[in-house]
Amino acid sequence: MKAVAQRLKKIRNIGIIAHIDAGKTTVSERILYYTGRSHKIGEVHEGTTVMDWMEQEQERGITITSAVTTCEWNGYQIQLIDTPGHVDFTIEVERSLRVLDGAIAVFCAVGGVEPQSETVWRQADKYRVPKIAFVNKMDRIGADFRQVLDQMREKLQANPVAVQIPVGRESDFRGVVDLIHMRQIVWKDETLGAEYTYVPIDPQIFDAAVEARDELLAKVAEWDDGIMEKYVEGRPVDPEEIERVLRRLTLDLEVVPVLCGAALRNKGIQPLLDAVAHYLPCPLDIPPVQGIDPVTQETVQRLADDSEPLAALAFKIFMDQGRKLTYARIYSGKLRAGDTVYNVRQRTKEKLSRIFRMHANKRERLEEAGAGSIVALMGLKSAATGDTLCDEQHPILLEPIDIYEPVIAVAVEPKTRADQEKLPDALAKLADEDPTFRYKEDPDTGQMVIRGMGELHLEILLSRLERDYAVGVNAGKPQVVYRETVQKAALGRGVFEREIGGSKHYAAVELSLEPRERGKGNRVVQRVRDASIPEAWLPVVEAGVMDAFTSGDLMGYPVVDVDVAIIGGEHREGLSTELAYRVAAAMAFRDAFNKGEPILLEPYMRVEVLTPDEFLGDVIADLNLRKARIEGITAKKGIQVVDATVALSKMFGYSTALRSASQGRATFTMQFFRYDALSS
């Protein structure tokens, strides 16, 4: 037990999260180099990174899939996941944060807190993941460390605590001051930053460092009586004491320690690794994982211990050369190669053949893995994202992973007969890997329609079809995935009476339907007061309504944001069947839906455009043509930031239009906001 506890204390399961182009992968590559995991620094702009190993990632210079690796730093085992920053791949961040204990949030010193920074921060908050922040690109023109701290307070409602300040900025950036130990850290360029020294603080910034340390002590003292006493009396506070309190506050999500550096210039990474060890949790620091016992439906928990019954969460599926790899976080118990595991959700038992420790796309074979490990398993054919793997004698169902609904669709047709035969299998494998990717055949046209989170998402999937699965397809233009809803309350009645296979079936169902607030989703309640539908049949009626939600009568899109009440019906002994009630419920729903003034809803996006001052007028004019609602315009050193909401249907081809309007100097980000009434 003691040996297991000692091992777990030295484990850090962390992710790197950020807005696109904040420098996540560059930070990851330096971490691998300085911990000795790789012997050459990979560069994003050269397409030589270890973590961005897919061809599509190296060509575009962006992270598409979350990559897992393990490295050692001063006796600590760091299991690291580098996540994408583009909103189209937000599911990769979601499922990574679901299984991680801590996170490094990387911010650009120029851009600060950008839209996707907010998204990933909220995702981390949802799973109560403690965070430290790293302000990257301090060597860039316009870098402003203090501005990023202010934006963290304003936009993220965070409580940032600077444990470092930069020495110089922009082209003059040359190191950092460690405020806890009051010393300056300088990196040696000739060793690519692998060697660094502690020197006395530069006299030019000594006063600023003293002021910043005083600010740090004042914040920490608010939460600790011992430090408060010393701070008030003017007595020195030990660095170890500050680190101990900062660790406690970070784990409690009260504060976020903030460091800075310039990863591309090889400055700031080693203190960041020290901060991971000092402030982020080990598996023993997080609460025991909780789940539901599928037999008793009671809440049960598992301690982070090898001797506990097995509880693991499959958080990612990846097809590697035709073989299925299931990435899993082991919360308790042990896994050995050859073990049989129980998949609670699918109620299946499967034998795992091999266990791997992953290093991006490279594998290191293990005979066993214990609590706190993040591993890849081979041999599990039915496992899907969010499934719980456990001991059949001690079943537990862990909280699944939230899945996002796709908002954009493309029709695809195979190029040849051989492609036609391979297409369904290839699409099934892509859908296994990516829960935000859907596909189905259009019954009217016979075309295969694929759906995803954005134009880039679908572009990558089409590229993978051709490269990874050798399936050639012709793709149509992207189409918006709409939703349907009603505008007013209505009553509906459905009667099913038919003879099928010599047996008569009869049921009648009455429903009331009314609109809900946008984004609230669907709800079904039972309000049958007169026993006109026996209680035993109500779940079947409810299932019939749920079936009807999948396809509205306007254009066959899913129905959202409606309240349905089951209010009555008819029952005939010996004739009323499950089939009859299910169909009658769907008929009643359609009747009420058509009376409720149905309308189409379309996805609206939040858009942030960063443009040089001189192109602001052209950018605004173009957004107005797209019927965007301008929410605000903020000035930042030579750049204007335009925030707007606009219908997705109006944004196709926007990247080309923006390049033309700004001579290629403006950039934009776009993320899903909500569904709302169709714009004219």
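Residues numbered from 1 in each chain as written. Predicted model: local features only at pLDDT ≥ 70, side-chain atom pairs only at ≥ 80, totals over all residues. Heavy atoms only, no water.

Can you walk me through helix H4 (residues 90-99) in this structure?
Residues spaced three or four apart along an α-helix point in a common direction, a consequence of the helix completing one turn every 3.6 residues. Most of H4 sits inside the fold, with ten of its ten residues counted as buried. Those residues of H4 lying buried are Thr90, Ile91, Glu92, Val93, Glu94, Arg95, Ser96, Leu97, Arg98 and Val99. (Buried < 20%, exposed > 50% of the residue type's maximum accessible area, 1.4 Å probe, protein only. Helix = DSSP H or I, 4+ residues; strand = E, 2+ residues; numbered from the N terminus.)

Looking at this structure, I do not really get the pattern of salt bridges. What am I missing?
Opposite charge on two side chains lets them pair, provided their charged atoms get close. Inspection of every chain in the model, using the stated rule, returns 38 salt bridges. With a shortest N-O distance of 3.5 Å, Arg336 and Glu368 are connected by a salt bridge. One end of the pair, Arg336, is in strand E16 (residues 335-336); the other, Glu368, is in strand E21 (residues 368-369), with 32 residues separating them in the sequence. With relative accessibility at 39%, the residue Arg336 sits in the partly exposed group. For Glu368, a relative accessible area of 36% corresponds to the partly exposed category. Close ionic contact of Glu364 with Arg357 constitutes a salt bridge, the shortest N to O distance being 3.3 Å. Arg357 gets classed as partly exposed once you look at its relative accessible area, which sits at 24%. Among the charged side chains, a salt-bridge network with shared partners connects Asp172, Arg174 and Asp202. (Salt bridge = Lys/Arg side-chain N within 4 Å of Asp/Glu carboxyl O.)

So what exactly am I meant to see when it comes to the nonpolar core here?
Within soluble globular proteins, side chains that are nonpolar tend to cluster in buried spots. If you look at the biggest cluster of nonpolar residues, it comprises 78 residues, and the most contacted ones within it are Val27, Ile104, Phe107, Phe145, Met152 and Leu246. With 44 residues, the next largest nonpolar core counts Val480, Ile599, Ala628 and Met651 among its residues. (Core = buried A, V, L, I, M, F, W, Y, C linked by side-chain atoms within 4.5 Å.)

Would you explain helix H7 (residues 203-221) in this entry?
Look at H7: 27 Å from first C-alpha to last across 19 residues, which is about the 27 Å you get at 1.5 Å a residue. Ile205, Ala209, Ala212, Arg213, Leu216, Leu217, Lys219, Val220 and Ala221 are the residues of H7 that are buried. In this structure, the buried residues of H7 make contact with helix H6 (145-156), strand E6 (160-162), strand E7 (164-167), strand E8 (175-178), helix H8 (225-233) and helix H9 (239-251). (Expected span 1.5 Å × (residues − 1). Contact = heavy atoms within 4.5 Å.)

Is there a simple way to think about the sheet that holds strand E1 (residues 11-18) in this case?
Strand pairing within a sheet occurs via backbone hydrogen bonds; the two strands may be parallel or antiparallel. Reading across from one edge, E2-E3-E1-E4-E5-E11-E6 is the order of the seven strands in this open sheet, with mixed pairing throughout. Pairing within the sheet leaves two strands with one partner each, and these edge strands are strand E2 (67-73) and E6. Taking the axes of each pair of neighbouring strands and ignoring which way they run, one obtains an average angle of 30 degrees across the sheet. Taken together, the five bridges between E1 and strand E4 (residues 102-108) define a ladder with parallel strand orientation. Counted as the bridge partner of Gly15 is Ala103 from E4. (Pairing = 2+ DSSP bridges. Axes fitted to C-alpha atoms, helices over the stretch in contact; angles between N-to-C directions.)

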